[in-house]
Each structure stands twice: as structure tokens, then as C-alpha cells.
Amino acid sequence: MLQVDIDSRPDGTVVTPRGRLTMVSAKSFRETVTAEITRGKGDIVVVDLSETEFVDSSGLGALVACLKTARQAGGDLRLAAPSEQVTMVLGLTNLDRVLRPRPSVDEALRD
């Protein structure tokens, strides 16, 4: 089961999914992040993946959908601190070129 923590900061919103971002949890994750994007109206949303132990193709699809939603709202979605497994999957799918993960949340908010 995926738990999602949300931390609203002056410089953006940090969303931290804890657990496995898979077919089972991708839809609710996408809905949660989309709600934050809508509420923020063009803010930066950082997805802190340091607590995400596994991501599958549905999870990647949710991240890409959230990126598209954020950019359409005039904001941006950035990944931060992906775990080893998530980094590997992003690299294998070449999504690291699109989602461009940053080493830390602070760097993602600054970038």
C-alpha cells in the first residue's frame, strides 16, 4: 500500500510517496498529485522518491501524466532523490531524460 505525504512550502509542494508505486496505487497517486497541482495554480511540485521502494510502468505513467498536468497549469513537476530501483527504471525507459531527477528535494525546488 502506498502512503502519500504532502508538504506545502513557500517555494513549492513536496509530495512523498512511501512504498510501491504500481498499477494498484498509480491512479490514486495521480489524483492526489493532480489535486495539489490544481490547488497550487502553477507552482512547482517535487515528488520525493527517496521513500519509494519500487515503481512499475503504471507508476511511470502516473509520473508522466502529472508532469503534463503541471506544465499545462503553468508549473513544473520535478523528481528528487530516487531510490536505486527507481533510478534504474527511469534509466532503462529513458524517462530520466524527460523527468530529470535531482539528487535532493532542495535542489529540485531551487532548480
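Residues numbered from 1 in each chain as written. Predicted model: local features only at pLDDT ≥ 70, side-chain atom pairs only at ≥ 80, totals over all residues. Heavy atoms only, no water.

- Going by the annotation in an unreviewed UniProt entry, the name recorded for the chain is Anti-sigma factor antagonist, with Microbacterium galbum given as the source organism.

A closer look at the pattern of salt bridges
No. 1: Summed over all chains, the structure comprises 8 salt bridges.
No. 2: Between Asp5 and Arg18 there is a salt bridge; the shortest N-O distance is 2.4 Å. One end of the pair, Asp5, is in strand β1 (residues 3–9); the other, Arg18, is in strand β2 (residues 12–21), and 13 residues separate them in sequence.
No. 3: Since its relative accessible area comes to 30%, Arg18 is described here as partly exposed.
No. 4: Between Glu31 and Lys27 there is a salt bridge, and its shortest N-O distance comes to 3.6 Å. Remark: Lys27 and Glu31 occur in helix α1 (residues 26–40); sequence separation between them is 4 residues, near one turn of the helix. (Salt bridge = Lys/Arg side-chain N within 4 Å of Asp/Glu carboxyl O. Helix = DSSP H or I, 4+ residues; strand = E, 2+ residues; numbered from the N terminus. Buried < 20%, exposed > 50% of the residue type's maximum accessible area, 1.4 Å probe, protein only.)

Quick look at the environment of Thr52
No. 1: Residue placement: Thr52 occurs in strand β4 (residues 52–55).
No. 2: Its relative accessible area of 1% is what places Thr52 among the buried residues.
No. 3: Residues Thr52 and Leu95 lie 43 residues apart in sequence; the distance between their C-alpha atoms is 17 Å.
No. 4: In this structure Thr52 touches Pro17, Gly19, Leu21, Ser83 and Val86, once residues within four positions along its chain are discounted.
No. 5: Here the side chain of Thr52 touches Pro17 through a polar contact of 2.8 Å, landing on its backbone oxygen. (Contact = heavy atoms within 4.5 Å. Polar contact = N/O pair within 3.5 Å; in protein donor to acceptor, adjacent residues only side chain to side chain.)

Some remarks on helix α2 (residues 57–72)
No. 1: Look at α2: 23 Å from first C-alpha to last across 16 residues, which is about the 22 Å you get at 1.5 Å a residue.
No. 2: Put simply, Asp56 is the residue that caps the front of α2, since its side-chain oxygen is 3.0 Å from the backbone nitrogen of Ser58.
No. 3: Backbone geometry just downstream of α2 places Gly74 in the positive-phi region, at approximately 90 degrees. (Expected span 1.5 Å × (residues − 1).)

Things to note about the confidence of the model for the chain
No. 1: Looking at the chain as a whole, the pLDDT averages 94, with 98% of positions reaching at least 70.
No. 2: Model confidence for the chain, summarised as mean pLDDT per element, is weakest for α1 at 93 and strongest for strand β5 (residues 76–80) at 97. (pLDDT = per-residue confidence, 0-100.)

Focus on α1
No. 1: Between the first and last C-alpha of α1 there are 21 Å, a value that for 15 residues agrees with the 21 Å anticipated at 1.5 Å per step.
No. 2: Buried residues in α1 make contact with β1, β2, β3 (44–48), α2 and β5.

Notes on the packing of α1 against α2
For any two helices packed against each other, one specifies the inter-axial angle together with the distance between the axes.
No. 1: Relative to each other, α1 and α2 sit at 15 degrees, their axes nearing to 9 Å. In this view, α1 runs roughly parallel relative to α2, as classed from their interaxial angle. Between α1 and α2 lies a crossing of right-handed hand. Across from Ala26, Phe29, Arg30, Val33, Thr34 and Ile37 in α1, the residues of α2 making contact are Ser58, Gly59, Ala62, Leu63, Ala65, Cys66, Thr69 and Ala70.
No. 2: Its residues assigned to classes, the contact of α1 with α2 comprises 9 nonpolar, 4 polar and 1 charged. (Axes fitted to C-alpha atoms, helices over the stretch in contact; angles between N-to-C directions. Parallel < 35°, antiparallel > 145°, perpendicular 65-115°, else oblique. Left-handed = near helix turned anticlockwise from the far one by under 90°. Nonpolar A, V, L, I, M, F, W, Y, C, P; charged D, E, K, R; others polar.)

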